[in-house]
Amino acid sequence: MRSTGFRHAVAVIGVCSLALTLTSCASGDDDSASGKTRITVNCEPPRSAKLDRRFFEEDLASFARQNPDIQVEAHDAFPCQDPKTFDAKLAGGQMENVFYTYFTDVRHVVDTGQAADLTPYIKELKSYPTIQKQLRDIYTVDGKIYGIPRTGYSMGLIYNKKLFAQAGLDPDKPPTTWEEVRADAKKIAALGNGVVGYADYSAQNQGGWHFTAELYSQGGDVVSPDGKKATIDTPQGRAVLQNLYDMRWKDDSMGSKQLLVINDVQLMMGSGKLGMYLAAPDNIPILVKEKGGNYKDLALAPMPGGKATLIGGDGYMFNKKNTPAQIRAGLKWLDHMFLTPGQGFLGDYARAKKHDAPVGLPEPRLFTGAADAKDQQIKKANANVPVENYRAFLEGNGTLRLKVEPPHAQQIYSVLDGVVSAVLTKKDADIDQLLKDASGKIDGILARS
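Please read all numbers here as calculations on a predicted model, not as lab measurements.

## Examining the state of the cysteines
Following the criterion strictly, the structure yields one disulfide and no others. Across the disulfide, Cys-43 is cross-linked to Cys-80 (sulfur-sulfur distance 1.9 Å). Taking the sign of the S-S torsion, about 55° here, the bridge from Cys-43 to Cys-80 comes out right-handed. Separated by 37 residues along the polypeptide, Cys-43 in strand 1 (residues 37–44) and Cys-80 in the loop between strand 2 (70–76) and helix 3 (83–91) bring together distant segments of the chain.

Rendered as structure tokens:
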């Protein structure tokens, strides 16, 4: 699944749509006759996201000044990738020259034959060696580089420090095991007045996403290493479901309202009625800006369980029809927009602080070595959120294995949604049978791939 963050010389030609011809979105014609290399890019923030749009336009304008030989046409989109149109555009060759993808898209895009091989050009991307290797590897298939990561996130436990204190818990010592999560949730729920100790998703594929994250945290996996068999009918899988069952039915610490999705849970946390839920750091500004929360009350801990955490993120891939000049231009654009520490759309922390955008969240953390040190130094100097609230997350994440989502994630999550929702809505749920049935369905998905 995606996380939640969003995170422009003005478009020079106009916005492309599916109704236009193929060459209006991407083309091998780089307009070299005019002396300029023309590229189309997507994921420009929509006009409704005023501040993000402004930053994006400012950065594209500065890129144009520094690279007068490159003409960039930006296409706005929200979401940046619409599952309803992505495969159609991909199959029809209608993708932009440089197009946005989630980590889980990479193999699919490569398998369709629509991605350009960037390997011969990668030395021209100055920032590439500074990007975390595990993120670079996501866009490397069979030894060839097909894309560039832009952001990465890892799951953690968001908790309300105020409720922890009211329940007699230490707000600076979040739970580190699922047993502790259960115990703390029970104490928080005992506060009454509609307060829920722990909440989880169980609909719209989000329940399957969180089941996967919780399974990883226990040391389990969803599919076998060769990608051919389900591996959820295991002690770790049963432990995930038993813990949810016990909190829901024995402790009554998850409340009676179930079949929740992300917006439901965010509203609960923002209103001060929820103790804990699993999320990435980019949830925190949403809880404050949109759901009524307060930065000082919201803290972040690493995934309970101590084994692993689910990571996700996004990046850009290149249209296979691109000319070499367009590939080189696209790489320059990525360096300028996203991959220079302390600068660009995601990294200009001084600009963000000036406009009251949150600075100091522990992620995304894209770089390593000197580049990471520089990025973190500039972020710290401009922080306007309580960074001490995220210290446990930063310290704990360093000991966890980072695991990407399973293949065919959305199909598998749809199956697992039914498992999680059954446990949370049926007191007589048979965990063993649910896992057995789901395993068979997942095996079928994998067999058809």
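## What about the pairing of strand 1?
For strand 1, the buried fraction is high: eight of the eight residues fall into the buried class. Inspection of the sheet shows strand 1 paired to strand 2 by seven bridges, in the parallel sense. Within the sheet, the bridge partner assigned to Thr-40 lies in strand 2 and is Glu-73. A crossover connection joins strand 1 to the parallel strand 2 through helix 2 (residues 50–66); in handedness this β-α-β unit is right-handed.

## Here we look at the packing of aromatic side chains
If you walk through the whole model with that rule in mind, you get 12 aromatic pairs. Taking the centre distance of 6.2 Å and the plane angle of 85° together, the rings of Tyr-100 and Tyr-316 count as edge-to-face. In this pair, Tyr-100 is assigned in strand 3 (residues 98–102) and Tyr-316 in strand 11 (residues 308–318), connecting sequence segments 216 residues apart. Neither residue differs from the other here; Tyr-100 and Tyr-316 are each classed as buried. Relative to Phe-345, the ring of Phe-338 has its centre 6.3 Å away and its plane inclined at 80°; by these criteria the two rings are edge-to-face. With a relative accessible area of 4%, Phe-338 lands in the buried category. A relative accessible area of 1% places Phe-345 in the buried class. Cluster of aromatic residues (ring-pair linked, three or more members): Phe-56, Tyr-100, Tyr-102, Tyr-316, Trp-333, Phe-338 and Phe-345. One cation-aromatic arrangement involves Arg-136 over Tyr-128; the distance from NZ or CZ to the ring centre is 5.2 Å. When the ring centre of Trp-249 is taken as origin, the NZ or CZ atom of Arg-248, which lies over that ring, is 3.9 Å away.

## Some words on unusual backbone geometry
Cis peptide bonds are those with omega within 30 degrees of zero, and the linkage from Glu-363 to Pro-364 qualifies with 5°. You can see Pro-364 is positioned in the loop between helix 14 (349–354) and helix 15 (369–381). Its identity is not glycine, yet Gln-204 carries a phi of approximately 55°, on the positive side. With respect to the helices and strands, Gln-204 occurs in the loop between strand 8 (196–198) and helix 8 (206–217). Within the chain, Leu-259 stands out as a residue other than glycine whose phi angle is a positive 55°. Along the chain, Leu-259 falls in the loop between helix 9 (235–250) and helix 10 (262–270).

## Looking at helix 8
Between its first and last C-alpha atoms helix 8 spans 17 Å; for 12 residues at 1.5 Å apiece the expected length is 16 Å, and the two agree. Within helix 8, 12 of the 12 residues are buried, leaving the element largely enclosed by the surrounding structure. For helix 8, the complete set of buried residues consists of Gln-206, Gly-207, Gly-208, Trp-209, His-210, Phe-211, Thr-212, Ala-213, Glu-214, Leu-215, Tyr-216 and Ser-217.

The rules behind the values
- Residues numbered from 1 in each chain as written.
- Predicted model: local features only at pLDDT ≥ 70, side-chain atom pairs only at ≥ 80, totals over all residues.
- Heavy atoms only, no water.
- Disulfide = S-S within 2.5 Å.
- Helix = DSSP H or I, 4+ residues; strand = E, 2+ residues; numbered from the N terminus.
- Buried < 20%, exposed > 50% of the residue type's maximum accessible area, 1.4 Å probe, protein only.
- Pairing = 2+ DSSP bridges.
- Right-handed = clockwise from strand over helix to strand, strands pointing away.
- Phe/Tyr/Trp six-rings, centres within 6.5 Å; stacked < 30°, edge-to-face > 60°.
- Lys NZ or Arg CZ within 6 Å of the ring centre and 35° of its normal.
- Expected span 1.5 Å × (residues − 1).

Taken by themselves, the reported measurements are silent on function.
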